[in-house]
Amino acid sequence: MFQKDLLKGKRFLVTGGGTGLGRTMTEHFAALGADVIICGRRENKLVETADEINARGAGQVSTRVLDIRDPAAVDAVMAAAFAEGPLDGLVNNAAGNFISPTKDLSPRGFDAIASIVFHGTFYVTHAFGKRLIEAGRKGSILSITTTWVWSGSPFVVPSAMSKGAVNIMTKSLAAEWGRYGIRVNCIAPGPFPTEGASARLSPGKMIGAGDYTDDIPLGRAGKLEELGHLAAYLMADQSEYITGQTIAIDGGSMLGGNGGTFWGLQKLSDDDWENIRNMIKAANQKDKAARSTG
Ligand code: HXC
Ligand code: NAP
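The present account deals with the structure reproduced in this document. (Residues numbered from 1 in each chain as written. Chains lettered and ligands numbered in written order. Predicted model: local features only at pLDDT ≥ 70, side-chain atom pairs only at ≥ 80, totals over all residues. Heavy atoms only, no water.)

## What to know about the site of ligand 2
Around ligand 2, the structure places 26 residues, and the nearest of them are Thr-19, Arg-41, Asn-93, Phe-192 and Thr-194. Here a nitrogen atom of ligand 2 sits 3.4 Å away from a polar atom, N or O, in the main chain of Leu-66. Taking 870 Å² as the accessible area of ligand 2 by itself, protein coverage stands at 91%. Of all the secondary-structure elements, those providing two or more residues to the shell around ligand 2 are α1 (20–31) and α7 (195–201). (Near = heavy atom within 4 Å. Polar contact = N/O pair within 3.5 Å; in protein donor to acceptor, adjacent residues only side chain to side chain. Areas by Shrake-Rupley, 256 points an atom, 1.4 Å probe, with all protein chains shown as cover. Helix = DSSP H or I, 4+ residues; strand = E, 2+ residues; numbered from the N terminus.)

Printed below as a string of structure tokens:
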């Protein structure tokens, strides 16, 4: 689909690039020749991903441990990245999410999502954009949202609200930063099977709630490489006239009468939700333990 070396000479930073969709995009960028810095909180995931991709011998991947909720740390990582040479692109991929009835959320539960997706995404975008403008260089910012920016979705309200904010940041900055040659776009995926999403969005395959791929017109979840292709296209100079856009890649999910991905969860009982909460919290604890040991 793409010419060899399409992204050669480009340097990108991908948040959450050690796992899931972030890792897939990094693989695609590096295979097309780009050098990529990947960031996240779990060093072992970052290093494992970088080592595997670097062994393939195309673009090189380097790692930085970073919690995007910390604006000072974000600025320091961005300053260090630019000190090594200008960056050409940023992918805002890092996110947090879990399913929960909204009535059961505590303020800390809301903040756990909003501090990553809403605040963290802005911190990274701002630290990147201001340096690009200072350097007088053009570039591309791509954020990974969801189709809930149009439909909303029950049971994931903090995520839907925060992704909606990233969507509108994209349109606002596309207008404000167009004159600097900075393009700002989003990809809005439907369901793609990743470990991080499954543990928090369909623990135990969402007990009794059916499969949320049932309502997808194309009849299946997305393949990771399909998202990798779209991201490579949007980061390449060949799509230089595209800005302020949010492109869905969802097999038509949004058009399938799904009413937001998790509408089917209305069937769950309080006991089901208790079980789900316990499974999600166990997954959160496992990742937290991995972060504290690096
Ligand atoms: C209710 C919950 C909860 C649950 C946590 N909390 N899980 N509340 N139901 N299932 C509450 C806790 O009780 C606590 O509030 C607060 O949230 C913070 O909990 P911590 O465990 O301390 O959170 P923290 O360590 O900050 O972890 C953040 C996280 C975690 C977001 C909860 O999952 C994380 O770091 N995730 C990163 C990766 C991730 O989520 N990937 C999935 C992306 S998929 P109290 O008041 O009790 O102290 C995605 C797909 C979208 O976005 C589209 C699909 C179609
Ligand atoms: P994932 O593997 O859990 O990806 C989330 C990544 O973000 C992880 O690498 C995580 O690494 C990183 N991260 C989380 N909090 C962070 C923080 N505070 N600072 C730095 N990094 C942080 O799940 P995924 O499915 O690939 O999700 C990737 C993106 O796609 C997200 O934006 C998600 O909302 C979006 N999306 C996914 C789907 C899907 O079906 N999979 C659908 C629509 C949209 P650490 O925990 O090590 O920090």
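Further notes follow.
## Regarding the pattern of salt bridges
A full pass over the atoms with the stated rule returns 18 salt bridges. For Arg-137, the salt bridge goes to Asp-88, with nearest N and O atoms at 3.1 Å. Taken together, the positions of Arg-137 in the loop between α4 (107–135) and β5 (139–144) and Asp-88 in the loop between α3 (71–83) and β4 (89–92) put the pair 49 residues apart, joining distant regions of the chain. Several salt bridges share partner residues, and in doing so they unite Arg-23, Glu-27, Glu-52 and Arg-56 into one network. (Salt bridge = Lys/Arg side-chain N within 4 Å of Asp/Glu carboxyl O.)

## Describing the sheet that holds strand β6 (residues 182–189)
Paired through backbone hydrogen bonds, the strands of a sheet run either parallel or antiparallel to each other. Reading across the sheet, the 7 strands line up as β3-β2-β1-β4-β5-β6-β7 and stay open at both edges, with parallel pairing between neighbours. Each edge of the open sheet carries a strand with a single partner, namely β3 (61–65) and β7 (246–249). The mean angle between the axes of side-by-side strands here comes to 20°, regardless of whether they run parallel or antiparallel. Of the strand pairs in this sheet, strand β1 (residues 11–15) and strand β2 (residues 35–40) are connected by 5 bridges, and their pairing is parallel. (Pairing = 2+ DSSP bridges. Axes fitted to C-alpha atoms, helices over the stretch in contact; angles between N-to-C directions.)

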